Amino acid sequence: MKAESLYIHFPFCESKCHYCDFYSIGREKTKTTDADFYEKALHAECELWADQLAPRLKSIFFGGGTPSMTPVESMRRALEPLKLSNKVTSETEWTMEANPSSVELESLKSYRDLGVNRVSMGVQAMRDDLLLRLGRVHSRDAALRALENISRAGFTNFSVDLLCGVPGQTIEDLSSAMEVLTSFPITHLSCYLLTLPKTHRMFRELPKDDDQLAHLLFIDEKMRSKGFRHYEISNFAKPGFEAKHNLVYWQGGSYLGLGPSAHSFSPTDRARWKNVSSLHAYGKKVGLGEKPIEWREDLTDEQLDLERWMLALRLDQGFPRTWLDSPARLQKAAGLTTAGLIEPHPEFTDRLRLTPRGFALSDQVIQTLGI
Ligand code: SF4
């Protein structure tokens, strides 16, 4: 494998948000030695994979967790075996996730010196009581200060994450959040619908399907009116600022994930795998010189075909008409067109794509097409 993109997972957070299902450890559950332990373990894993990166990387993504809690010197030491400075070009997108409570101007400048050229910040909501309900440790004011600092540190490419479908959130809240966020020079917005397991204490308070649909359609309209392209189900970008790293995921490119719980995909090996989701199991394996893989899946032709469909339906590029390769699929596609869920692509006559309503109801499209 020669991965064109690299993901690194930093598993520490200030506090564990109760809706979060990423592998992350809140400060209340970390020991003082964990950060040092992780730096050494990550260094060991980097040594194991150092020769599996492409000579020129398309993208690097520091995710988590909250990578902005890790000091830049610790990152530099851990990643040294990868020799990233030789693999980064002026075209490489290097993103770091951050949270408003852990971005100071000086530390942001130090990440820029490392090579980070894009920040993705988890704002999630712009009302203090909603942030509290979500278990976030930051306030609206802290988010505003952080956005200011990102600009002042010289980042010209930055994204924010917003949640919709939060119990108690209204269309007016979303509207005012998007007004405030787009008053900063943001280039990208990811807006995810809050999903919770049935057992979660807030599950019963989630908005009804019709309200969720209304919120998603409103966000689509508002962001388009601000000059953003709705290029993926949950993502909007100013022209030319689509997330290169995520496009590698969505277009079936190769990526290597390092750190606990990180995923990797190699199209040439037709395989995906995932690292163990435990800091200590991870450290133990790499300490023994073993790759810390929890599972690996070798993909069949049918699985690759299914993935191709699922990925194509996520993006506004859509899919070629030739994929509707049976009378049954053609008939279903005609029904979806009549229902306003898919449409001919306005730029490419040989393609179809989901409409904004189709993006909001993409599960229905997938089911109908029988994918
Ligand atoms: S800050 Fe992000 S990664 Fe950390 S617990 Fe909250 S949602 Fe999860």
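Residues numbered from 1 in each chain as written. Predicted model: local features only at pLDDT ≥ 70, side-chain atom pairs only at ≥ 80, totals over all residues. Heavy atoms only, no water.

Quick notes on the packing of helix 11 (residues 327-338) against helix 13 (residues 362-369)
At step 1: It is at 9 Å that the axes of helix 11 and helix 13 come closest, and there the two elements cross at 155°. By the angle between their directions, the pair helix 11 and helix 13 is classed as roughly antiparallel. The chirality of how helix 11 crosses helix 13 is right-handed. Contact residues: helix 11 offers Arg329, Lys332, Ala333 and Leu336, while helix 13 offers Val365, Thr368 and Leu369.
At step 2: For the contact of helix 11 with helix 13, the class distribution of residues is four nonpolar, one polar and two charged. (Axes fitted to C-alpha atoms, helices over the stretch in contact; angles between N-to-C directions. Helix = DSSP H or I, 4+ residues; strand = E, 2+ residues; numbered from the N terminus. Parallel < 35°, antiparallel > 145°, perpendicular 65-115°, else oblique. Left-handed = near helix turned anticlockwise from the far one by under 90°. Contact = heavy atoms within 4.5 Å. Nonpolar A, V, L, I, M, F, W, Y, C, P; charged D, E, K, R; others polar.)

Quick word on the environment of serine 151
At step 1: If you trace the backbone, serine 151 turns up in helix 5 (residues 140-152).
At step 2: Sequence spacing of serine 151 and methionine 69 is 82 residues, and the spatial spacing of their C-alpha atoms is 19 Å.
At step 3: In this structure serine 151 touches Phe158 and Pro185, once residues within four positions along its chain are discounted.

Remarks on the side chain of serine 190
At step 1: Here serine 190 shows up in strand 8 (residues 188-193).
At step 2: Take serine 190: its relative accessible area is 5%, and that puts it in the buried class.
At step 3: Polar side-chain contacts of serine 190 include one of 2.6 Å to the side chain of asparagine 235.
At step 4: In contact with serine 190, other than residues within four places in its own chain, are Ser159, Val160, Asp161, Leu162, Ser234 and Asn235. (Buried < 20%, exposed > 50% of the residue type's maximum accessible area, 1.4 Å probe, protein only. Polar contact = N/O pair within 3.5 Å; in protein donor to acceptor, adjacent residues only side chain to side chain.)

Here's the deal with the domain arrangement of the protein
At step 1: By the assigned domains, the protein splits into domain 1 (5-249) and domain 2 (317-369).
At step 2: Here the C-alpha centroids of domain 1 and domain 2 sit 31 Å apart.
At step 3: At the interface, eight residues of domain 1 touch six residues of domain 2.
At step 4: Here domain 1 meets domain 2 over a buried area of about 670 Å², counting both sides, of which 76% is carbon and sulfur.
At step 5: Of all residues in domain 1, Leu213, Leu217 and Ile233 give up the largest surface area on contact with domain 2, accounting jointly for 57% of the area buried on that side.
At step 6: The tally of links from domain 1 across to domain 2 stands at zero salt bridges.
At step 7: Between the two partners, domain 1 and domain 2, sit zero residue pairs in polar contact (both at pLDDT 80 or more).
At step 8: Elements with a contribution of two residues or more to the side of domain 1 that touches domain 2: helix 7 (209-225) and strand 9 (229-232).
At step 9: When residues in the side of domain 1 that touches domain 2 are grouped by element, the largest group, five residues, is from helix 7. (Domains from an automatic or database assignment. Buried area = accessible area lost by both parts, 1.4 Å probe. Salt bridge = Lys/Arg side-chain N within 4 Å of Asp/Glu carboxyl O.)

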